[in-house]
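# Coordinate inspection notes
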Amino acid sequence: MKTAAIAGSGIVATAIAYQLVQRGWRVTLFEKGPDYPYPHTQQYQEQILYLYDNPAWKLPDDIRGLTQSGTYTRDIDGERGMVVGGSATHWWGVTPRMIPEDFRTRTLFGYGEDWPITYDELEPYYVRAERFIGVSGTTEDNPFAPPRSAPYPLPPFALSYGDKILKERLAAQGIVLHTTPQARTRLPYDGRPGCANFGVCHVCPIGVRYSPTHHLQRAVATGRCEVRPNTTVRRVLMDPDGRARALLVQENEAATPYEFPADVIIIAAGAIESARLLLLSRDARYPEGVGNRSGWVGRGLTFHHIWSSSMVFDEPLYTGRVGPATGRSFQFLNPETRGRHGGINLGLDDRVDLRWLFGAEDLWNVRDSEEIVHRMSDIPFKRGINFHAESIPSEDKYVTLSEKKDRFGDPLAHVHYASNAFDYATFEYAQALFRRLVEALRPKHARMGDDPERFDSGAHHMGTCRMSERPEAGVVDSFGRVHGTQNLFVGGGAIFVGGSGAVQPTLTMVALALRTADYLLDQFGT
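This report concerns the structure included in the present document.

Let us look at the sheet that holds strand E1 (residues 3-7). Strand order in the open sheet made by the 5 strands is E4-E2-E1-E8-E18, with parallel pairing throughout. The open sheet has two edge strands, strand E4 (225-228) and strand E18 (488-490), and neither has a second partner. This sheet shows a mean twist of 15 degrees between the axes of neighbouring strands, independent of strand direction. Of the pairings in the sheet, the one linking E1 to strand E2 (residues 26-30) comprises 5 bridges and is parallel in character. Pairing of Ala4 across the sheet is with Val27, part of E2. Sitting on the sheet, helix H8 (residues 271-280) is in contact with E1, strand E8 (264-267) and E18, with an inclination near 150 degrees to E18. Here helix H12 (residues 506-524) sits on the sheet and contacts E8 and E18; the angle it forms with E18, its principal contact strand, is near 170 degrees.

And the structure:
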């Protein structure tokens, strides 16, 4: 029986583990964080009913921390999900594909680097990924969707009442608003119920929004898969012949580490932690870290730059009435001027986040019910629009080792992220799009900030262990195998060549994970 040891338990680790277990492998996953109940009924009750942040789901700073510098204003460490199931236990489930041009930006537009695989090569795995996590969607209303060989496994979620008003106004100005592909079950699917449209997707209490734990529990039930929570992976241990021998792991409260050998070692711990683990894995043969002879480990870091705007209308749109993500436009993913700036994914999500609302309306300390109602009275007339923008790597975006150390004496990750000229040009393009939207939608009031550094990454951290054909140009090959090693693999957004264009990266991460699993089964057998 073949064995695999995986650092991480998120959506990529789970996708690979599930495929291997189905073919008879024994797989052990090591998760730094705690177990996380699924379905997420308990988390829903805590976060939505009681607005309670349960400390049981958090790790101390000397286990999970990092240091950061640069111009990014948000807390990068807070964007990482360290629980069993990873960040996709509390995501919103938006799952577009990258478009073909995203894989060839150097050839077509003169920036970034081309991927060593094409859209056509990955397309069958996109189909499998959509079926694996249960994506609801359609391309019938989206002329900008990339080509596909099979339909979505589930029908789409319809546009909301407010979306339809905005769609009509946008169409008059030549802008297309369409439905959003997302990993929420429109109908019962694979043991998950159909969606009730309650709008609490990040803590979905009934398993409609895909969570990796859905498949992780099934893998464990076979008896061939084990998850070890509250356990930190400290090193990859290498043999002189380039074979990864074992993971060096340590329970968070234990005094000493131990070695865990396996036929195949997989690092799927997120872009930041995966790079850190390779950099920590130094020995006489790998003085700069495993996979880092090229110097590319930690370089190539890319975030998405998501700028927000808001509009207030005279007539009610009933924002938040159906809760989840709805209207979107892919019309500007690949504009004619791409190359001078990046593409943009327009999000007109018809949802209201409860915690955001309490903060925006300053409701935390209000005790008068009539005052609360008054402050919320204009919510049906408001709509937020997000400009989900492409970015590219530069010398001022990287992950390295920090001077600060964790409780085991190992350096934490240090993340430096500073916007570049391409990012500023993309922000100018976003502002121009905003003005065009205002002209088309005719709101009573409209606002978008003028500071390009006031953006949210969407927790989309990518590119730190990028794939390449030539070992000197990256860290892994197109299957995720670390250059110069026999059985060490990296998965997830870490292996992206920069970013994922202007679209959310998760579906591409799962598609690549399924491709890696096929490769492992082909190369190592069962």
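Text resumes after the structure shown.
This part is about H12. Compared with an ideal rise of 1.5 Å per residue, which puts 19 residues at 27 Å, H12 spans 27 Å between its outermost C-alpha atoms and is within 8% of the ideal. Phi for Gly525, located one or two positions after H12, is positive at around 75 degrees.

Tracing the chain through its elements places Asn292 in the loop between H8 and strand E9 (302-303). Beyond its immediate sequence surroundings of up to four residues, Asn292 is in contact with Leu279 and Val297.

Okay, helix H2 (residues 41-49) next. If you check which residues of H2 are buried, you get Gln43, Tyr44, Glu46, Gln47 and Ile48. Once H2 finishes, Leu51 follows within two positions and takes phi at roughly 50 degrees, a positive value.

With the rule as written, the count across this model stands at 28 salt bridges. Of the charged contacts, one joins Arg148 and Glu130 as a salt bridge, the two residues approaching to 2.6 Å between their closest N and O atoms. One end of the pair, Arg148, is in the loop between helix H5 (119-133) and helix H6 (161-172); the other, Glu130, is in helix H5, with 18 residues separating them in the sequence. Given a relative accessible area of 22%, Arg148 falls into the partly exposed group. With a relative accessible area of 0%, Glu130 lands in the buried category.

Moving on: the packing of aromatic side chains. Counted under the stated rule, the structure contains 22 aromatic pairs. Ring centres of Tyr72 and Phe303 lie 5.3 Å apart, and the angle between their planes is 65 degrees; this geometry places the pair in the edge-to-face category. Within this pair, whereas Tyr72 is found in the loop between strand E3 (66-70) and helix H4 (105-109), its partner Phe303 is found in strand E9, the two being separated by 231 residues in sequence. Across this residue pair, the class does not change: Tyr72 and Phe303 are buried. Relative to Tyr417, the ring of Phe303 has its centre 4.0 Å away and its plane inclined at 5 degrees; by these criteria the two rings are stacked. In this pair, Phe303 sits in strand E9 while Tyr417 sits in strand E15 (residues 411-417), placing the two residues 114 residues apart along the sequence. Overall, the relative accessible area of 0% leaves Tyr417 in the buried class. The rings of Phe103, Trp115, Tyr119, Tyr126 and Phe496 are connected pair by pair, giving a single aromatic cluster. Above the ring of Phe157, the side-chain terminus of Arg184 is found at 3.6 Å from the ring centroid. Over the aromatic face of Trp296 sits the side chain of Arg466, whose NZ or CZ is 3.7 Å from the ring centroid.

With that settled, consider unusual backbone geometry. Of note, the amide linkage connecting Tyr38 to Pro39 takes the cis form, showing an omega dihedral of -5 degrees. Even without being a glycine, Asn197 presents a positive backbone phi close to 55 degrees. Among the secondary structure elements, Asn197 is positioned in the loop between H6 and helix H7 (213-221). Classification of Asn197 as partly exposed rests on a relative accessible area of 33%. Even without glycine at this site, Ala459 takes up a positive phi of about 60 degrees. Positionally, Ala459 belongs in the loop between strand E16 (445-448) and strand E17 (461-462).

Let's shift gears to the sheet that holds strand E11 (residues 327-329). Spatially, the 5 strands line up as an open sheet ordered E11-E12-E13-E10-E16, and their pairing is antiparallel. Each edge of the open sheet carries a strand with a single partner, namely E11 and E16. Going from strand to strand, the sheet's axes swing by 20 degrees on average, the running direction of each strand aside.

Cut-off values and rules
- Residues numbered from 1 in each chain as written.
- Predicted model: local features only at pLDDT ≥ 70, side-chain atom pairs only at ≥ 80, totals over all residues.
- Heavy atoms only, no water.
- Pairing = 2+ DSSP bridges.
- Helix = DSSP H or I, 4+ residues; strand = E, 2+ residues; numbered from the N terminus.
- Axes fitted to C-alpha atoms, helices over the stretch in contact; angles between N-to-C directions.
- Contact = heavy atoms within 4.5 Å.
- Expected span 1.5 Å × (residues − 1).
- Buried < 20%, exposed > 50% of the residue type's maximum accessible area, 1.4 Å probe, protein only.
- Salt bridge = Lys/Arg side-chain N within 4 Å of Asp/Glu carboxyl O.
- Phe/Tyr/Trp six-rings, centres within 6.5 Å; stacked < 30°, edge-to-face > 60°.
- Lys NZ or Arg CZ within 6 Å of the ring centre and 35° of its normal.

Geometry only, nothing functional implied.
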